[in-house]
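# Observations on the three-dimensional arrangement
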Amino acid sequence: TNGFEFLGGGSDLNASGGAFIYMAFAADQSAAPVLADSFANKLWSGNGSTQSITGTGFNPNLVWIKSDSSSNLKHMWFDSIRGVQNYISSNLTTAEATSSTSLTSFDTDGFSLGSDVYVNDGGRTYVGWSWKANPIPTINTDGTIQSVVSANQAAGFSIVKYTGNNVAGATIGHGLASAPDMIIVKNLSTTDIWTVQHSALGYTNYIDLNNLNAATVNSGVWYAAPTSNVFSFGANPRGNGNGNNIIAYCFNSIAGFSKIGSYTGNGSTQSITGLGFQPSWVLIKETSASESWRLFDSARGATERLF
């Protein structure tokens, strides 16, 4: 009810002395009713045709989909700023692509799908994680680069799209009420690595979302610590390629709803506490060694993980 527990000392999640980061979202959102319509897990069986996935309780602005029955099917990310049918894959470096039979609409209580194998193939099962931002994006001029922002400040989540200028120290407005604890950035225009900044690592380190790599000392990637208004990037194509379209997903810890934190592995049974809620979704990465990102959610059960 206040975190999550490891029942052993596996190197992937609890290696003795290992440094780990995590992001978690709440299961029982009734403790924070204002946020009850901001995050949801959903499971479905593909039908190879069209179907609507309902029961999120809100109109989502970010939907992340993965088949949990087929390891060779990629992760699919859709958001309302980039528009339906446009996807990026968090296990790949590829640029944004379009599929007319993938996610076809964001709905008032979920989302609708076409027959694309990555989201709705007959005979396969899928999991989708949805976040609510703001259905009406705004132009943000807080930074040196103008951005388009869809922000849900109460839930500590924003989607930010901007065009890079390859200037070291360029700043981008994120639309949240305080400095983000975690930022995930992807260049939409070209093949490049997904880049993550996490408060436990500081801006002087970065880590890749699509790789197993340990955290890496900053070499012109993140330029400075994020502030209550902006985050900043170096002259690096990952998040500031000149003329490239870039997307950023920004997250804050919100009491009773979400927690972005870190822990040290002990090589044995260990409880990670202090979240302030029972999580329904947890993303974990060891930052001191080469290990996959691990994803857990209450819809599939604590013993089931995705990579």
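Residues numbered from 1 in each chain as written. Predicted model: local features only at pLDDT ≥ 70, side-chain atom pairs only at ≥ 80, totals over all residues. Heavy atoms only, no water.

## Here we look at the overall build of the protein chain
As a reminder, the rule being used: Runs of E in the DSSP output that reach at least two residues are strands. Runs of H or I that reach at least four are helices, and both are numbered from the N terminus. Here the globule rule is a power law, 2.2 Å times the number of residues to the power 0.38, and the radius of gyration is based on C-alpha atoms. The buried label goes to any residue with under 20% of its type's maximum accessible area, the exposed label to any with over 50%, and the partly exposed label to all in between, with areas taken from a 1.4 Å probe on protein chains only. By definition in these notes, contact holds between two residues if any of their heavy atoms fall within 4.5 Å. Note that accessible areas follow from Shrake-Rupley with a 1.4 Å probe, and for residues the cover is restricted to the protein chains shown. For the charge count, each Lys or Arg is scored as positive and each Asp or Glu as negative, with His and the chain ends excluded. By convention, the charge on Lys lies at NZ, on Arg at CZ, on Asp at CG and on Glu at CD.
Looking only at helices and strands, the protein chain features three helices and 26 strands. For the protein chain, the C-alpha radius of gyration of 18 Å lies close to 19 Å, the compact-globule estimate for 307 residues. Here the C-alpha coordinates of the protein chain stretch approximately 45 × 45 × 40 Å along the principal axes. Out of the 307 residues belonging to the protein chain, those deemed buried represent 55%. Considering only residue pairs separated by 6 or more positions, the protein chain has 66% of its internal contacts joining residues 24 or more positions apart. Summed over its atoms, the accessible surface of the protein chain is roughly 11300 Å², and 47% of this surface lies on carbon and sulfur atoms. Here the protein chain contributes 14 positively and 19 negatively charged side chains, and the mean placements of these two sets differ by 4 Å.

## Some points on the nonpolar core
Under the convention used in this document: We define a nonpolar core as any set of buried Ala, Val, Leu, Ile, Met, Phe, Trp, Tyr and Cys residues linked to one another through side-chain atoms lying within 4.5 Å.
Trp-131, Tyr-249, Phe-251 and Trp-281 are the most contacted members of the largest nonpolar core, which totals 35 residues. At the level of secondary structure, the elements contributing two or more residues to this core comprise strand E2 (19-26), strand E5 (62-67), strand E11 (125-131), strand E14 (157-163), strand E16 (182-187), strand E22 (245-251) and strand E25 (279-286). Of all hydrophobic cores here, the second largest spans 18 residues; its members include Val-160, Ala-170, Ile-246 and Cys-250.

## Some words on the sheet that holds strand E26 (residues 294-297)
Just so we agree on the cut-off: Paired strands are those between which DSSP finds at least two bridges. Every axis in this analysis is a line fitted to C-alpha atoms, fitted for helices over the stretch in contact. Angles between the N-to-C directions lie between 0 and 180 degrees.
Pairing in this open sheet of four strands is antiparallel, and the strands run E23-E2-E25-E26 from one edge to the other. Looking at strand neighbours, the two that pair on one side only are strand E23 (258-264) and E26, the edges of this open sheet. Along the sheet, successive strands turn relative to each other by an average axial angle of 15°, direction set aside. Bridge analysis of E2 against E25 gives seven bridges, and the strand direction is antiparallel. Residue Ala-24 lies in a different strand from E25, and its bridge partner there is Val-282.

## Here's the deal with the environment of Val-117
Within the element layout of this structure, Val-117 appears in helix H2 (residues 117-120). Classification of Val-117 as partly exposed rests on a relative accessible area of 28%. When the C-alpha atoms of Val-117 and Val-63 are compared, they prove to be 16 Å apart, with 54 residues separating the residues in sequence. Not counting residues up to four positions away in its chain, the partners in contact with Val-117 are Leu-73, Arg-124 and Tyr-126.

## Thoughts on the packing of aromatic side chains
Here is the rule we go by: Each Phe, Tyr or Trp ring (for Trp, its six-membered ring) is paired with any other whose centre lies within 6.5 Å, and the angle between the two planes then decides the class: stacked below 30 degrees, edge-to-face above 60, tilted in between.
By the definition in use, this model includes 29 aromatic pairs. With a centroid separation of 5.1 Å and 55° between ring planes, the pair formed by Phe-39 and Trp-131 is classed as tilted. With a gap of 92 residues between them, Phe-39 in strand E3 (residues 39-45) and Trp-131 in strand E11 connect regions that are remote in the sequence. There is no split in this pair, since Phe-39 and Trp-131 are both buried. Pairing Phe-39 with Trp-281 gives two aromatic rings, centres 6.1 Å apart and planes at 65°, and the pair type is edge-to-face.

## What about the sheet that holds strand E17 (residues 195-198)?
The eight strands lie next to each other as E12-E13-E14-E22-E16-E17-E18-E19, forming an open sheet whose pairing is antiparallel. Because the sheet does not close on itself, it has two edges, and the strands there are strand E12 (138-140) and strand E19 (216-217). As judged from the two bridges shared by strand E18 (residues 205-208) and E19, these two strands associate in the antiparallel manner. Note on E19: the bridge partner recorded for Tyr-206 is Thr-216.

## Some thoughts on the pattern of salt bridges
How we decide: What makes a salt bridge here is a side-chain nitrogen of Lys or Arg within 4 Å of a carboxyl oxygen of Asp or Glu, nothing more.
Counting across every chain of the model gives nine salt bridges. Put simply, Glu-96 and Arg-82 hold a salt bridge, and the shortest N to O gap is 2.9 Å. One end of the pair, Glu-96, is in the loop between strand E7 (86-87) and strand E8 (97-98); the other, Arg-82, is in the loop between strand E6 (76-79) and E7, with 14 residues separating them in the sequence. On the basis of relative accessible area, Glu-96 is assigned to the partly exposed category, the value being 28%. Across the pair Arg-238 and Asp-208 runs a salt bridge, and its minimum N-O distance is 2.8 Å. You can see Arg-238 sitting in helix H3 (residues 237-240) and its partner Asp-208 sitting in strand E18, a full 30 residues away along the chain. Under the relative-accessibility criterion, Arg-238 is labelled buried at 10%.

## What to know about the environment of Ala-154
Mapping Ala-154 onto the fold places it in the loop between strand E13 (147-152) and E14. Using a relative accessible area of 40% as the deciding quantity, one classes Ala-154 as partly exposed.

## Some remarks on the pairing of strand E9 (residues 103-107)
Strand direction decides the pairing type here: E9 and strand E10 (residues 110-113), joined by four bridges, are antiparallel. Residue pairing for E10: Leu-103 is matched across the bridge by Leu-113. Joining the antiparallel neighbours E9 and E10 is a turn of two residues.

The values reported here are purely geometric and, on their own, carry no functional implication.
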